[in-house]
Structures are given as C-alpha cells and as structure tokens.
Amino acid sequence: LHAAVWATKLSDITGNNTDMFGGNTTAENIVLQPAPEDGWEITTEVTLPFTGKDYEQAGLMVHGGDADWAKLMFIKVPENDGRQVEFTLQDNGSASFDPALDRSEFLPESFPDTIHLRIRSDGTSLTAAYSEDGTEWTDVGRVRPAGAIPDPRIGVAAFNGDGSGNEAEFEHFHVGPLDVEPTCTEPEAPDPGYEMLFDGTA
C-alpha cells in the first residue's frame, strides 16, 4: 500500500502456525508502507471472529526487519479462553514481552469482535492503545523506544494459531501526523536569588 490512508476493506488470513515472536518470524500476511519521518499516529479498525485457535491475532505492526519490530495485536490466549490486546517489541532478535505488563485485562464477553487499535510515535517513544468505539482509548503495554526499530515501515498483519485461518477484516488503516512538543533548547534566565539547574538539553 502506497497511500498514507486507505479505507477499502482488506481481508487477511491468519494462517496456520505462523508467528512474529523471538526466533519464529514465519508470518506472511503483513502489509506495510514507509513510516513518516516526523511524529505519526497509525490506527485501524479490525474484526476477527475468534473460533478457538490459540494465539490467533490481528492488528498493527511497526517493522524495521524480522529482528526489530513492534506489534499491537487483538489476540486470543489460552488462559480463560479469553481475548486480550498486547503490545510486543522485538529488539535485535529478542522479544521484549511480559504478559503482566504488556497485555490488557481480559476483555469482557460483551466486547465485540471489532476493535480499534492505535500506535503513536513522537520520534523517541512508541505508545499503544485500544478502543471499542474509536473515541475512548485505553493505553496498553509499556512505552517502547522508537530507536529500537530502524527505518520503520508501518501497516497491518494477521497470523498465528493452530488450524485453518480465519479472516481478519481491516476496515481501514489511517496514518496521521502527531504534534510533538519541541524540545526546549534555551533555558530562561532565573529570577534573582535563584540558580538555574536546567541546562537546556533533553
């Protein structure tokens, strides 16, 4: 996809025993485009009717290569036969992931098969969130260093699970600018009697 925004529905098969995690980087159904140079935000709305496949997932990817990427996934986990959202970083071939820190709470049974996902980059950090309605967002996972993913490409992906793949239907994929507050480079002069401790650097 070469456009910054697309709204034509994309169906992506989750496949069978394909993954992006640690040394297993066999996932094939990943659609990417170059990331903007400045701060950016990517969002998608995806529907995935989970039907029993453990770790079946679909969502957003920030991909610098198979050794360096981040993924924000709507995923089915074996525990409680439940659904969660997880934010994983692969840094230099090693997965940085802790279920207690990087997964949401189990989503209630009333939560629909459709979810909104968002990743933001301010050039320094990556943050992730999910939403049921695309308006009220819940942060998920740890803040990740954007520098861990060189020359990133961004997009959507669907993979994993044992058995025939389900279709993950992506309603849209949006890329937008993220307003980044400029770094202070010139400290203000202190009031008389005070000493300036801030040297103006980040």
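Structure: above.
Remember, predicted model here, so these are calculated numbers, not experimental data. (Residues numbered from 1 in each chain as written. Predicted model: local features only at pLDDT ≥ 70, side-chain atom pairs only at ≥ 80, totals over all residues. Heavy atoms only, no water.)

**Details of the layout of surface pockets**
Its boundaries defined by the atoms lining it, the largest pocket holds a volume of some 190 Å³. As for the largest pocket, its lining consists of Phe 50, Gly 52, Lys 76, Asn 80, Asp 81, Gly 82, Arg 83, Phe 106, Leu 107, Pro 108 and Glu 109. Classifying every residue of the lining of the largest pocket by side-chain character gives four nonpolar, three polar and four charged. (1 Å grid on protein atoms, 1.4 Å probe; cavity = no way out; pocket = protein on both sides within 12 Å on 5 of 7 lines; lining within 4 Å. Points joined across faces, edges and corners; volume = space filled by probe spheres on them. Nonpolar A, V, L, I, M, F, W, Y, C, P; charged D, E, K, R; others polar.)

**Examining the sheet that holds strand E10 (residues 94–96)**
Strand pairing within a sheet occurs via backbone hydrogen bonds; the two strands may be parallel or antiparallel. Ordered by their spatial adjacency, six strands build an open sheet running E5-E15-E7-E8-E9-E10, and the pairing between neighbours is antiparallel. The open sheet is flanked by strand E5 (30–34) and E10, the only strands paired with a single partner. On average, each strand axis in the sheet is tilted by 25 degrees relative to the strand beside it, whichever way the strands run. Pairing geometry for strand E8 (residues 68–77) and strand E9 (residues 82–91), over nine bridges, is antiparallel. In the sheet register, Trp 69 faces E9, and the bridge partner there is Gln 90. (Pairing = 2+ DSSP bridges. Helix = DSSP H or I, 4+ residues; strand = E, 2+ residues; numbered from the N terminus. Axes fitted to C-alpha atoms, helices over the stretch in contact; angles between N-to-C directions.)

**Quick look at the nonpolar core**
Grouped together as the largest cluster of nonpolar side chains are 34 residues, with contacts concentrated most on Ile 42, Leu 72, Ile 115 and Ile 119. If you list the elements that add at least two residues to this core, you get strand E6 (40–47), strand E7 (57–65), E8, E9, strand E11 (114–121), strand E12 (125–131), strand E15 (153–159) and strand E16 (167–177). At four residues, the largest contribution of residues to this core is made by E16. The residues touching Leu 72, leaving out its near neighbours within four places in the chain, are Ala 58, Gly 59, Leu 60, Val 85, Glu 86, Phe 87, Leu 117, Arg 118, Ile 119, Ala 128, Ala 129 and Val 140. Counting eight residues, the second largest nonpolar core, distinct from the first, contains Met 20, Ala 27, Leu 32 and Ala 157. (Core = buried A, V, L, I, M, F, W, Y, C linked by side-chain atoms within 4.5 Å. Buried < 20%, exposed > 50% of the residue type's maximum accessible area, 1.4 Å probe, protein only. Contact = heavy atoms within 4.5 Å.)

**Re the pattern of salt bridges**
For the structure shown, the criterion picks out eight salt bridges. Here Lys 71 makes a salt bridge to Asp 19, at a shortest N to O gap of 3.8 Å. A residue pair is termed long-range when its members are at least 10 positions apart, and Lys 71 in strand E8 and Asp 19 in the loop between strand E2 (10–13) and strand E3 (20–21) qualify at 52 residues. Here Lys 71 and Asp 19 have matching classes, each one buried. Lys 53 is the partner of Glu 56 in a salt bridge, and the nearest nitrogen-oxygen pair spans 3.9 Å. Among the residues examined, Glu 56 registers a relative accessible area of 0% and is labelled buried. (Salt bridge = Lys/Arg side-chain N within 4 Å of Asp/Glu carboxyl O.)

**Digging into the packing of aromatic side chains**
Tallied over the full model, the rule gives three aromatic pairs. Between Phe 21 and Phe 97, the aromatic rings sit 6.1 Å apart at their centres with planes inclined by 85 degrees, giving edge-to-face as the arrangement. Taken as a pair, Phe 21 in strand E3 and Phe 97 in the loop between E10 and helix H1 (99–102) lie far apart in primary sequence, 76 residues in all. By relative accessible area, which is 35% here, Phe 21 ends up partly exposed. Following the ring pairs from residue to residue traces out a cluster consisting of Phe 50, Phe 74 and Phe 111. (Phe/Tyr/Trp six-rings, centres within 6.5 Å; stacked < 30°, edge-to-face > 60°.)

**Some points on unusual backbone geometry**
Notably, Tyr 55 is not glycine yet its phi reads approximately 65 degrees, a positive angle. As for its placement among the helices and strands, Tyr 55 is situated in the loop between E6 and E7. Judged by relative accessible area, which is 33%, Tyr 55 ranks as partly exposed. A positive phi angle, near 55 degrees, is found at Asn 92, a position not held by glycine. The topology assignment puts Asn 92 in the loop between E9 and E10.

**Considering the pairing of E7**
Where burial is concerned, most of E7 is hidden: eight out of the nine residues are buried. For E7 and E8, the ladder comprises eight bridges, and the chain directions are antiparallel. Paired with Gly 65 across the strands is Asp 68, a residue of E8. The loop that links E7 with its antiparallel partner E8 comprises two residues. Alignment of E7 against E15, held across seven bridges, turns out to be antiparallel.

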